[in-house]
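Architecture and fold: a report
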Amino acid sequence: MLITAFGILGYVGLQARTTVANLEAYQRSQALILVNDMAQRINLNRANADAYVANDIGASPCTPPATGTPTTAQNDICAWASSIQGAGELQGSTKVGAMLNARGCIAKMATYFQISIAWQGLRASGAPAATCGQGQFSAENLRRTVSVVVQIANLSPTP
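Predicted model only: the values in this text are computed from it and were never measured. (Residues numbered from 1 in each chain as written. Predicted model: local features only at pLDDT ≥ 70, side-chain atom pairs only at ≥ 80, totals over all residues. Heavy atoms only, no water.)

Secondary structure assignment for the protein chain yields 2 helices and 6 strands. Computed over C-alpha atoms, the radius of gyration of the protein chain comes to 20 Å, more than 25% over the 15 Å expected from 2.2 N^0.38 for 159 residues, which places it beyond the range of a compact globule. When its C-alpha atoms are laid out on the principal axes, the protein chain stretches across 85 × 40 × 25 Å. Burial statistics for the protein chain: of 159 residues in total, 31% are counted as buried. Across the protein chain, contacts joining residues at least 24 apart in sequence account for 59% of those joining residues at least 6 apart. Accessible area of the protein chain: about 9800 Å², with a carbon and sulfur share of 57%. Taken together, the 10 basic and 7 acidic charged side chains of the protein chain have centroids lying 6 Å from each other. (Helix = DSSP H or I, 4+ residues; strand = E, 2+ residues; numbered from the N terminus. Rg over C-alpha atoms; globule rule 2.2 N^0.38 Å. Buried < 20%, exposed > 50% of the residue type's maximum accessible area, 1.4 Å probe, protein only. Contact = heavy atoms within 4.5 Å. Areas by Shrake-Rupley, 256 points an atom, 1.4 Å probe, with all protein chains shown as cover. Lys, Arg positive; Asp, Glu negative; His and termini not counted. Charge placed at Lys NZ, Arg CZ, Asp CG, Glu CD.)

Rendered as structure tokens:
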């Protein structure tokens, strides 16, 4: 009976770890889908790519500008913020379709744009190198990030 009890406890522990690993994998998949979504949006609006640069996208609800018509970039950022918050799937009135405490960052580097999403993981691991969401979670070893790079070609003729 004692051997069976230890076997069952081992199985329960394994099941708990598997559940956490599945949730971490789901969150990573969602983050990859979302960074690629924003990369496509920037590629479609290349002429105004600089207008997408922002930090902590999705950390709070997006509000349209008080006056005037929102630009394509503003609409894209608001739609992306809504997706980051998990609006794609609701359970009652709770948004459950994305990562835990997620936020997006779009940074312009010298010749490219880096699109990142940071979220809170469930188990401690190494702190990521990306700076998106840095200092925004209970511990840096719980912060997870994924990034994608978008390079906008300069196709203007040279003199």
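A few words now on helix α2 (residues 72-84). End to end, α2 covers 18 Å across 13 residues, agreeing with the expected 18 Å (1.5 Å per residue, within 8%). For α2, the set of buried residues is A73, D76, I77, W80, A81 and I84. Seen end-on, α2 carries its buried residues on one side only, within an arc spanning 135°. The inward-facing, buried residues of α2 abut α1 (2-44), β1 (54-57), β4 (103-108) and β5 (113-120). (Expected span 1.5 Å × (residues − 1). Arc of directions from axis to C-beta.)

Attention shifts here to the packing of α1 against α2. Here α1 crosses α2 at 175°, and the two axes come no closer than 11 Å. The pairing of α1 with α2 is recorded here as roughly antiparallel in orientation. Contacts between α1 and α2 involve L34, V35, D37, M38 and R41 from the first element and D76, I77, A79, W80, S83 and I84 from the second. When its residues are assigned to classes, the contact of α1 with α2 shows 7 nonpolar, 1 polar and 3 charged. (Axes fitted to C-alpha atoms, helices over the stretch in contact; angles between N-to-C directions. Parallel < 35°, antiparallel > 145°, perpendicular 65-115°, else oblique. Nonpolar A, V, L, I, M, F, W, Y, C, P; charged D, E, K, R; others polar.)

What follows deals with the side chain of R144. As for its position among the elements, R144 is in strand β6 (residues 143-150). Reaching out from R144, the side chain makes a polar contact with the backbone oxygen of R123 at a distance of 2.3 Å. At 3.4 Å, the side chain of R144 forms a polar contact with the backbone oxygen of L142. Once residues lying within four places of it in the same chain are set aside, the contact partners of R144 are E24, I117, A118, W119, G121, L122, R123, S125 and P128. (Polar contact = N/O pair within 3.5 Å; in protein donor to acceptor, adjacent residues only side chain to side chain.)

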